[in-house]
Amino acid sequence: QVQLVESGGGLVQAGGSLRLSCAASGSIFSINAMGWYRQAPGKQRELVATISKSGNTNYADSVKGRFTISRDNAKNTVYLQMNSLKPEDTSVYYCNAVLIPLTRPIESRVWGQGTQVTVSS
């Protein structure tokens, strides 16, 4: 079984920073792309940032210049450094990975359980 576990969420004031971590564990052959998504109550889940295995990154316009995604392939971990946080960043943040399980040679999308980020005014 493959599992993604997020951590690092919490309550911060506007303008503050948080760093989210997501560690993948289990029977994994390889991890291709990894990313962060967020979903606020009553809203669609939206892509925040993605990073390829080689380190190519993409960001949503709303976070570009404020958030930085990175990964440590040796640790099967992806990070999201969030700076200059705004109240509108308040959401549950979910980690996602496109990976190949050891059990079968086919790509699979795996989601973490989410971590709450709340930004106060």
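Going by the structure above, here's the rest.
Keep in mind that what you see is a predicted model, and the values were worked out from it rather than measured.

Rules and cut-offs
- Residues numbered from 1 in each chain as written.
- Predicted model: local features only at pLDDT ≥ 70, side-chain atom pairs only at ≥ 80, totals over all residues.
- Heavy atoms only, no water.
- Helix = DSSP H or I, 4+ residues; strand = E, 2+ residues; numbered from the N terminus.
- Rg over C-alpha atoms; globule rule 2.2 N^0.38 Å.
- Contact = heavy atoms within 4.5 Å.
- Areas by Shrake-Rupley, 256 points an atom, 1.4 Å probe, with all protein chains shown as cover.
- Lys, Arg positive; Asp, Glu negative; His and termini not counted.
- Charge placed at Lys NZ, Arg CZ, Asp CG, Glu CD.
- Phe/Tyr/Trp six-rings, centres within 6.5 Å; stacked < 30°, edge-to-face > 60°.
- Lys NZ or Arg CZ within 6 Å of the ring centre and 35° of its normal.
- Polar contact = N/O pair within 3.5 Å; in protein donor to acceptor, adjacent residues only side chain to side chain.
- Pairing = 2+ DSSP bridges.
- Axes fitted to C-alpha atoms, helices over the stretch in contact; angles between N-to-C directions.
- Disulfide = S-S within 2.5 Å.
- Buried < 20%, exposed > 50% of the residue type's maximum accessible area, 1.4 Å probe, protein only.

Participant: Please clarify how the overall build of the protein chain should be interpreted in this entry.
Facilitator: Assigned secondary structure in the protein chain consists of zero helices and eleven strands. Written out in order from the N terminus, the α and β elements of the protein chain read β-β-β-β-β-β-β-β-β-β-β. Its C-alpha atoms give the protein chain a radius of gyration of 14 Å, within 12% of the compact-globule value 14 Å for 121 residues. With the C-alpha coordinates aligned to their principal axes, the bounding extent of the protein chain is approximately 45 × 25 × 25 Å. Nonlocal contacts in the protein chain, meaning residues at least 24 apart in sequence, comprise 55% of its contacts between residues at least 6 apart. Total accessible area on the protein chain stands at roughly 6,600 Å², and carbon and sulfur atoms take up 47% of it. With 12 positive and 7 negative side-chain charges, the protein chain shows a spacing of 4 Å between the two charge centroids.

Participant: I keep staring at the packing of aromatic side chains and nothing clicks. Help me out?
Facilitator: The geometry of two aromatic rings is summed up by the distance between their centres and the angle between their planes. As enumerated under the stated definition, the model contains one aromatic pair in all. Residues Tyr37 and Trp111 carry aromatic rings whose centres are separated by 4.8 Å and whose planes lie at 65 degrees to one another, so their mutual orientation is edge-to-face. Note that Tyr37 is positioned in strand β4 (residues 28–39) and Trp111 in strand β10 (residues 108–111), a separation of 74 residues in sequence. The ring centre of Tyr94 lies 3.8 Å from the NZ or CZ of Arg45, which sits over that ring.

Participant: Would you explain the side chain of Thr115 in this entry?
Facilitator: Locating Thr115 in the fold gives a position in strand β11 (residues 115–120). Here the side chain of Thr115 touches Gly9 through a polar contact of 3.3 Å, landing on its backbone nitrogen. Residues within four places of Thr115 in sequence aside, it is in contact with Glu6, Ser7, Gly8, Gly9, Leu20, Ser91, Val92 and Tyr93.

Participant: Explanation requested: the environment of Ser120 in the structure shown.
Facilitator: Relative to the helices and strands, Ser120 resides in strand β11. C-alpha separation for the pair Ser120 and Glu88, spaced 32 residues apart in sequence, amounts to 9.3 Å. Leave out the neighbours within four places in its chain, and Ser120 touches Leu11, Val12, Gln13, Ala14 and Pro87.

Participant: Mind showing me how you'd approach the sheet that holds strand β8 (residues 77–82) here?
Facilitator: Hydrogen bonding along the main chain pairs the strands of a sheet, whether they run parallel or antiparallel. What the four strands build is an open sheet, ordered β1-β3-β8-β7; its pairing is antiparallel. Looking at the sheet topology across the chains shown, the edges are occupied by β1 (3–7) and β7 (67–72). Across the sheet, the axes of successive neighbouring strands diverge by a mean angle of 15 degrees, strand direction being ignored. The pairing of β1 with strand β3 (residues 18–25) spans five bridges and is classified as antiparallel.

Participant: What is the right way to read unusual backbone geometry from this model?
Facilitator: For residues besides glycine, phi is generally negative; the peptide bonds are generally trans as well. At Asn76, a residue that is not glycine, the phi angle is positive and equals roughly 50 degrees. Along the chain, Asn76 turns up in the loop between β7 and β8. Despite not being glycine, Ser84 shows a phi value in the positive range, around 50 degrees. Turning to its location among the elements, Ser84 is positioned in the loop between β8 and β9 (91–101).

Participant: Just checking my understanding: could you explain the state of the cysteines for this structure?
Facilitator: Two cysteines, two sulfur atoms, one covalent bond between them: this is a disulfide. With the rule as written, the count across this model stands at one disulfide. With its sulfur 2.0 Å from that of its partner, Cys22 forms a disulfide with Cys95. On the S-S bond that ties Cys22 to Cys95, the torsion sits near -85 degrees, and the link is left-handed. With Cys22 in strand β3 and Cys95 in strand β9, this pair connects stretches of sequence that are 73 residues apart. An identical accessibility class is assigned to Cys22 and Cys95; each is buried.

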